[in-house]
Number of protein chains: 2
Amino acid sequence: MHPIKKWHELIETGNKEIYDEILADDVVFYSPVVHTPQKGKEITKIYLSAAGNVFGDSKKESAPKDSFSNFKYTKEIIGENNACLEFENTINGIHLNGVDLITWNEDNLITEFRVLVRPLQAINMLHKMMGEMLEKMNNQ
Amino acid sequence: MHPIKKWHELIETGNKEIYDEILADDVVFYSPVVHTPQKGKEITKIYLSAAGNVFGDSKKESAPKDSFSNFKYTKEIIGENNACLEFENTINGIHLNGVDLITWNEDNLITEFRVLVRPLQAINMLHKMMGEMLEKMNNQ
């Protein structure tokens, strides 16, 4: 199955087992906030799960209540081995516009996952929320 | 000519007259820093010119000296009427990774130009430099 189709399945169902099916072992995650690339499947799963909880891609109680309703992908540009998915969301009344920039290998496994977010106000909020979410997940 | 080919010509030559050939009158510019969309050809030209000066797409003296050398597009995903161009740069020793998300109409004129930048440190720097550049341009 096309990795982007699979990715949408993950977002829609919140089924985090799909990470294991779509991420390459040597996948690298590039955060919108931090410069240092996060290398490997485990750390990438943690960051994507935390982002998912913050954005409310699943119905987990850990997600902030008002983040559920309005995360949506607004644009999709698909290349041969990469894709650019644009999204919009409103969290705590702050509008957030971002891009998932995804590259996969010949086995249809994701090797690179970059997230970029605008505007500055949304990144500052995301920075704070991601920090809190990662700490919360770490304590569970 | 394909709008992205034309865009690359602008970047490579620094010929800002090309803006008039590729931007629709009702183009909207979405800054990486500010939420409010900037509507119209004139304001979009100003923002893209300022960004060009900061990033050093032209050899103008107004561009910071160390920003010239290493701006480069690193990925390009082209859709039917939109494209995602990823770029990298280092300014003042700070690494900057971004995306131009460009949409055009049936006349091949750009109707939407979004710029997203990561990581946070780079956006903060860009925020400051864009402010200074817009003021400088305003005083010329």
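All values reported here derive from a predicted model rather than from experimental measurement.

Residue and element names in this part refer to chain B. With mixed pairing, the six strands of this open sheet are ordered in space as β2-β1-β6-β5-β4-β3. Unpaired on one side and paired on the other, β2 (38–39) and β3 (72–78) mark the two borders of the sheet. Looking at chain direction, strand β1 (residues 23–30) and β2 are connected through two bridges and run antiparallel. The residue bridging Phe-29 from the neighbouring strand is Gln-38, located in β2.

Here we take up the confidence of the model for chain A. All names here are of chain A. With 90% of its residues at a pLDDT of 70 or more, chain A shows a mean pLDDT of 89. Segment residues 57–61 is flagged for pLDDT under 50; beyond a separation of four residues in sequence, or across chains, it makes 13 contacts in the model. Across the predicted assembly, pTM comes out at 0.91 and ipTM at 0.90.

A separate point is the relation of the copies chain A and chain B. Superposing chain A onto chain B takes a rotation of 180 degrees plus a shift of 0.0 Å along the axis, which leaves an RMSD of 0.0 Å. Put plainly, the chains are arranged around a two-fold axis. Comparing interface residues between copies, 100% of those in chain A also lie at the interface in chain B; the contact surface is shared.

Bringing the pattern of salt bridges into the picture now. Counting across every chain of the model gives 18 salt bridges over all chains. For Glu-21 of chain B, the salt bridge goes to Lys-6 of chain B, with nearest N and O atoms at 2.9 Å. Pair noted here: Glu-21 of chain B is in helix α2 (residues 18–22) and Lys-6 of chain B is in helix α1 (residues 3–13), with a separation of 15 residues, a long-range link. The exposure class assigned to Glu-21 of chain B is partly exposed, which follows from its relative accessible area of 44%. In this structure, the salt-bridge partner of Asp-20 of chain B is Lys-45 of chain B, at a minimum N-O distance of 2.9 Å. Of this pair, Asp-20 of chain B sits in helix α2 while Lys-45 of chain B is found in helix α3 (residues 41–55), placing the two residues 25 residues apart along the sequence. Through salt bridges with shared partners, a single ionic network connects Lys-75 and Glu-86 of chain A together with Glu-112 and Arg-114 of chain B.

About the cut-offs
- Residues numbered from 1 in each chain as written.
- Chains lettered and ligands numbered in written order.
- Predicted model: local features only at pLDDT ≥ 70, side-chain atom pairs only at ≥ 80, totals over all residues.
- Heavy atoms only, no water.
- Pairing = 2+ DSSP bridges.
- Helix = DSSP H or I, 4+ residues; strand = E, 2+ residues; numbered from the N terminus.
- pLDDT = per-residue confidence, 0-100.
- Contact = heavy atoms within 4.5 Å.
- Least-squares fit on C-alpha atoms with pLDDT ≥ 70 in both.
- Salt bridge = Lys/Arg side-chain N within 4 Å of Asp/Glu carboxyl O.
- Buried < 20%, exposed > 50% of the residue type's maximum accessible area, 1.4 Å probe, protein only.

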